[in-house]
Amino acid sequence: MNIHHVDFSATHKLETPAQPEPTGDHPQGLLRERAERVAAIAALHADDVDANSRFPVEAMDAARHEKLLGAMVPVSLGGEGASVQDIVDACYILGQACSSAAMIFAMHHVKAACIVRHGQASAWHREFMCRMVQQQLLLASSTTEGQAGGDVRNSEAPVVYDGALISLERAATVLSYGAQADAIVTTARRAAGSLSSDQVLVVFDKADYTLSPTFSWQTLGMRGTCSGGFHMAAKGQAVQIMPQPYAEIHTQTMTPTAHLMWGGVWAGIAATAHERARLHLRKAARGAAQPPGGLVHLAKARTGLTTLRAMLQDMLNQFASIENNPAALSALDFQTAITLLKVDISEHAVASVMASLRACGLTGYREDCEASIGRQLRDILAAPVMINNDRIATNLGNSTLLVETPHNLQNH
Ligand SMILES: Cc1cc2nc3c(=O)[nH]c(=O)nc-3n(C[C@H](O)[C@H](O)[C@H](O)COP(=O)(O)OP(=O)(O)OC[C@H]3O[C@@H](n4cnc5c(N)ncnc54)[C@H](O)[C@@H]3O)c2cc1C
């Protein structure tokens, strides 16, 4: 696969609608501007990351340099209290440059959000949050276990207790950047006698665990996430278990932030594909007697991108309006909407990138030119399988039977 220069400045010229300014007031500047600097570096290395299925070390070093990894930590603990909107905005910016770096950034922040929103009552987790900022810790997420795949709400391996000490042995069959992370935030069965759905979320520092590789990561796309499998053996203290049950963390934070932040990445990938197609067709139109073929596909790509951005922003607004209201977050209507968002966004993003490819024709299909859509297409194909849409849709199908039909417009 040939490496070619990615003109990030060109892909970034999308006319994005005005978004609220980041809340973070940081000596290094606005979060969005810092994300743009990271994206510029990520773009330079994105093809090499993809070609060699390697960790995007330059981008993640830049994210550390820009102090982005602790951005969500509250100001009182040394962070800047960045909102979910701020992070999704950064995911969109990074997604335009390097899908893998953006997805790593997103997955890290999903776990950061869980700790920030549910760990403040725990002294251990407060101290951990301080270290997240000071040491710019990179957090990995372990939910996929054994052959059961993506059933996030059931865990096989239990936490084993020995007084105040705990241990956990787990078949982490897909663990992105497991080897590079500074900590792993993992689901686990609460105890040996617990139901598989009675889960906890545990934070283990790198010094607490060993990882023995079990599966490689040679995939179609998202190759730089380095999501190989590991046997994980961890030891720690019981206080490293998050105080709230995972069921609550999952509903109130894990699902909303994962779907919003991943959605930001996927929208960014679709934006780059669209921009490449647009520039290609503009070039083709210059001096041509007739409009170039492919314009209808460009229009479809644009419509898909506009739709998924609007869906994302609408859900960000909904989340922001209820983010401190656990009952509203847990309500069936919101859960249905936020769950379906992942299915819809991933499918719109795939369709939009595919339309960009068709707009470019063979030029987009090539891997060795500026209008190549190859990497974006391979990367976006991870979206429907990253927590499989079929699994999500089936689970959703069952719960929607419980939602009553609203009888009037204002009060349902
Ligand atoms: C880029 C990337 C990064 C990832 N990073 C991580 C990570 O850091 N940590 C982590 O823990 N996991 C990670 N994962 C794994 C992810 O969370 C899911 O576990 C995984 O994508 C599910 O894969 P699957 O489709 O094989 O599994 P499953 O969900 O088990 O699905 C297997 C098959 O069964 C079908 N299926 C499943 N359930 C149903 C159902 N109810 N009804 C109908 N059909 C069904 C699906 O269509 C599919 O064909 C990552 C995945 C990707 C793609």
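Residues numbered from 1 in each chain as written. Predicted model: local features only at pLDDT ≥ 70, side-chain atom pairs only at ≥ 80, totals over all residues.

1. Digging into the environment of glycine 228
Relative to the assigned elements, glycine 228 resides in the loop between strand E6 (209-215) and strand E7 (229-237). Given 22 C-beta atoms within 10 Å, glycine 228 falls into the buried group. Linking glycine 228 and threonine 173, residues 55 residues apart in sequence, is a C-alpha distance of 7.0 Å. Here glycine 228 is in contact with Leu175, Gly178, Pro213, Phe215, Ser216 and Trp217, once residues within four sequence places are set aside. (Helix = DSSP H or I, 4+ residues; strand = E, 2+ residues; numbered from the N terminus. Buried ≥ 20, exposed ≤ 12 C-beta atoms within 10 Å, placed from the backbone. Contact = placed C-beta atoms within 7 Å.)

2. What about the confidence of the model for the protein chain?
When pLDDT is averaged along the protein chain, the result is 91, and 93% of the positions lie at 70 or above. In the model, residues 1-24 has pLDDT below 50 throughout and makes 46 contacts with residues more than four positions away in sequence or in other chains. (pLDDT = per-residue confidence, 0-100.)

3. Here we look at the site of the ligand
Of all residues adjacent to the ligand, which total 22 residues, the nearest are Gly149, Gly150, Ser176, Asp390 and Arg391. Contributions of two or more residues to the shell around the ligand are made by strand E1 (139-142) and helix H13 (389-400). For the shell around the ligand, the residue count by class is nine nonpolar, 11 polar and two charged. Two domains share the shell around the ligand, each providing at least three of its residues, namely domain 2 (141-240) and domain 3 (246-400). (Near = placed C-beta within 6 Å. Nonpolar A, V, L, I, M, F, W, Y, C, P; charged D, E, K, R; others polar. Domains from an automatic or database assignment.)

4. Examining the nonpolar core
Formed by 122 residues in total, the largest nonpolar core has its most connected members in Ala42, Cys91, Leu94, Ala270, Ala349 and Val353. Considering every element that reaches this core, the biggest residue donor is helix H7 (residues 246-285), with 16 residues. Sequence-distant contacts of alanine 42, defined by excluding residues within four places in its chain, comprise Pro56, Ala59, Leu94, Ala97, Cys98 and Ala101. (Core = buried A, V, L, I, M, F, W, Y, C linked by C-beta atoms within 7 Å.)

5. Some thoughts on the domain arrangement of the protein chain
Examined at the domain level, the protein chain breaks down into domain 1 (8-137), domain 2 (141-240) and domain 3 (246-400). Placing the centre of domain 1 and that of domain 2 at their C-alpha centroids yields a distance of 23 Å. Taken together, the contact between domain 1 and domain 2 spans 21 residues of the former and 18 residues of the latter. Sorting the residues of the side of domain 1 that touches domain 2 by element identifies helix H2 (31-51), helix H5 (99-118) and helix H6 (123-134) as the ones contributing at least two each. Here the side of domain 1 that touches domain 2 takes 10 residues from H5, the largest share from any one element. Partitioning the side of domain 1 that touches domain 2 into residue classes produces 13 nonpolar, five polar and three charged.

6. Digging into the sheet that holds E6
One key point about sheets: their strands pair by backbone hydrogen bonds, in either a parallel or an antiparallel sense. One open sheet holds the four strands; their spatial order is E2-E3-E7-E6, and the pairing between them is antiparallel. Edge strands, defined here as strands with exactly one partner in the open sheet, are strand E2 (160-162) and E6. Within the sheet, the average angular offset between the axes of one strand and its neighbour, ignoring direction, is 15°. For E2 and strand E3 (residues 165-172), the ladder comprises three bridges, and the chain directions are antiparallel. Directly across from tyrosine 161, in E3, lies its bridge partner isoleucine 166. (Pairing = 2+ DSSP bridges. Axes fitted to C-alpha atoms, helices over the stretch in contact; angles between N-to-C directions.)

7. Details of unusual backbone geometry
Positive phi, close to 50°, is recorded for glutamine 136, a residue that is not glycine. Here cysteine 226, not a glycine, exhibits a phi torsion of approximately 50°, which is positive. Relative to the helices and strands, cysteine 226 resides in the loop between E6 and E7. Cysteine 226 sits in the buried class, given 23 other C-beta atoms within 10 Å.

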